[in-house]
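# Topology and contacts: notes
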Amino acid sequence: RGKRAFIAGVADDNGYGWAIAKSLAAAGAEILLGTWVPALNIFETSLRRGKFDESRVLPDGSVMEISKVYPLDAVYDNPDDIPEDVKTNKRYAASSKWTVQEVADSVKQDFGSIDILVHSLANGPEVTKPLLETSRRGYLAAISASSYSYVSLLKHFIPIMNPGGSSISLTYIASERIIPGYGGGMSSAKAALESDTRVLAFEAGRKNKIRVNTISAGPLRSRAAKAIGFIDMMIEYSLANAPLQKELSAEEVGNTAAFLASPLASAITGAVIYVDNGLNAMGVGV
Ligand code: NAI
């Protein structure tokens, strides 16, 4: 049978999660999505009304099928964690079973198991603030939504992941080099995500024969990136300075994820894989 993938962090057709879903679907995987609760309604409506039909077309002309879309908020592990104001928020009250534990339980109930887990989500409420102006609350929120969310997802999905399975997240070079503008503790969150990739590769590899890698992606004009406010500048900078002077397409990141999830990458784990036209290798801009 084909592989089954759960991709967390898809709420439109502009981001890396959508592109990864397409590449995995093109390689024959069954697609399940986890969509942030506040974005669920508009995403499902758009799907139903055919707004994404054009971008669902795969290279062979067939159309990506999405077996199920699960509401998810990766900041909460189980119902005990949900604060009252969120519980009573209209958008949240309209959905149910969206904590990480409950989503893993639902996927188990609906499909039994998965082979591929993708974490393509991040959130930093103070991302536009320099680190020196970031509050403790903002910093911890960035780490919770962007780093611990991955630990939690993997922890709860490992019991339903088949041995030989593969898990992938998305990171950014701001974890290791100074990228002014990527603030609010988001650079710290990506550093944690990369370090955790190594430790989780060890733990999930030894115990469950699951590989854990992260893709350090170049700039893409996604919804999340537009919210940071410097994405056009980053794309221009890369065009001017990277070894490969072309705009990065989300599909190139999707294809790398499909490779990493496949047996072709059976000895790759604990790695940060750059998909950025080589920009990371430059020492100076020229
Ligand atoms: P995106 O906006 O398509 O994806 C981010 C998703 O995270 C959204 O769908 C949002 O609804 C979801 N999300 C936010 N908080 C959540 C929560 N608590 N629970 C569940 N879902 C939540 O944007 P993009 O850029 O494709 O982001 C995907 C990943 O790629 C992120 O980890 C991002 O940091 C990473 N990345 C993006 C780059 C870029 O230039 N766009 C560059 C390098 C890495």
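Before any of the text, the structure's been laid out above.
Here we summarise the structure given alongside this text. (Residues numbered from 1 in each chain as written. Predicted model: local features only at pLDDT ≥ 70, side-chain atom pairs only at ≥ 80, totals over all residues. Heavy atoms only, no water.)

## Some details on the nonpolar core
- Among the nonpolar cores identified, the biggest contains 37 residues, and Ile7, Leu24, Ile31, Leu33 and Ile215 are the most heavily contacted of them.
- Here the element with the most residues in this core is helix α1 (residues 16–26); it accounts for 7 residues.
- Those residues in contact with isoleucine 215 that lie beyond four places of it in its chain are Ile168, Ser169, Leu170, Thr171, Val253, Thr256, Ala257, Leu260, Ile273 and Val275. (Core = buried A, V, L, I, M, F, W, Y, C linked by side-chain atoms within 4.5 Å. Buried < 20%, exposed > 50% of the residue type's maximum accessible area, 1.4 Å probe, protein only. Helix = DSSP H or I, 4+ residues; strand = E, 2+ residues; numbered from the N terminus. Contact = heavy atoms within 4.5 Å.)

## Details of the sheet that holds strand β7 (residues 272–275)
- The sheet built from 7 strands is open, its strands ordered β3-β2-β1-β4-β5-β6-β7 with parallel pairing. The outermost strands of the open sheet, each flanked by one partner alone, are β3 (66–72) and β7. Across the sheet, the mean angle separating the axes of adjacent strands is 20° when strand polarity is ignored.
- Across 5 bridges, strand β4 (residues 114–119) lies against strand β5 (residues 161–171) in parallel orientation. Opposite valine 118, over in β5, you have isoleucine 168 as the bridge partner.
- Sheet strands in contact with helix α2 (residues 37–48) are β2 (30–36) and β3, and its direction is about 130° off that of β2.
- The sheet strands contacting helix α7 (residues 186–208) are β5, β6 (211–217) and β7, and the helix crosses β5 at an angle near 175°. (Pairing = 2+ DSSP bridges. Axes fitted to C-alpha atoms, helices over the stretch in contact; angles between N-to-C directions.)

## Thoughts on the site of the ligand
- As a structural note, the neighbourhood of the ligand is formed by 28 residues, with Tyr16, Asp73, Lys190, Leu220 and Ser222 the closest of them.
- One of the backbone N or O atoms of tyrosine 16 is found 2.8 Å from an oxygen atom in the ligand.
- The contact in question runs from a nitrogen atom of the ligand to an N or O atom on the side chain of aspartate 73, over 2.9 Å.
- Starting from 820 Å² of accessible surface for the ligand in isolation, the protein chains cover 93%. (Near = heavy atom within 4 Å. Polar contact = N/O pair within 3.5 Å; in protein donor to acceptor, adjacent residues only side chain to side chain. Areas by Shrake-Rupley, 256 points an atom, 1.4 Å probe, with all protein chains shown as cover.)

## A word on the packing of aromatic side chains
- Per the stated rule, a full pass over the model turns up 7 aromatic pairs.
- Seen in terms of ring centroids, phenylalanine 43 and phenylalanine 52 are 5.5 Å apart; in terms of plane orientation they differ by 35°. Their pairing is tilted. For the pair shown, phenylalanine 43 and phenylalanine 52 are each scored as buried.
- When the ring of tyrosine 92 is compared with that of tryptophan 98, the centres are 4.9 Å apart and the planes differ by 65°; the resulting orientation is edge-to-face. The exposure classification of tyrosine 92 matches that of tryptophan 98, with both residues buried.
- Through a chain of ring-to-ring contacts, the aromatic side chains of Phe6, Tyr70 and Phe157 assemble into a single cluster. (Phe/Tyr/Trp six-rings, centres within 6.5 Å; stacked < 30°, edge-to-face > 60°.)

## Side note on unusual backbone geometry
- Residue lysine 97 is not a glycine yet carries a positive backbone phi of 55°.
- Within the fold, lysine 97 resides in the loop between α4 (90–93) and α5 (100–111).
- Phi at asparagine 277 takes a positive value of approximately 60°, unusual for a residue other than glycine.
- Examined against the element boundaries, asparagine 277 turns out to sit in the segment after β7.

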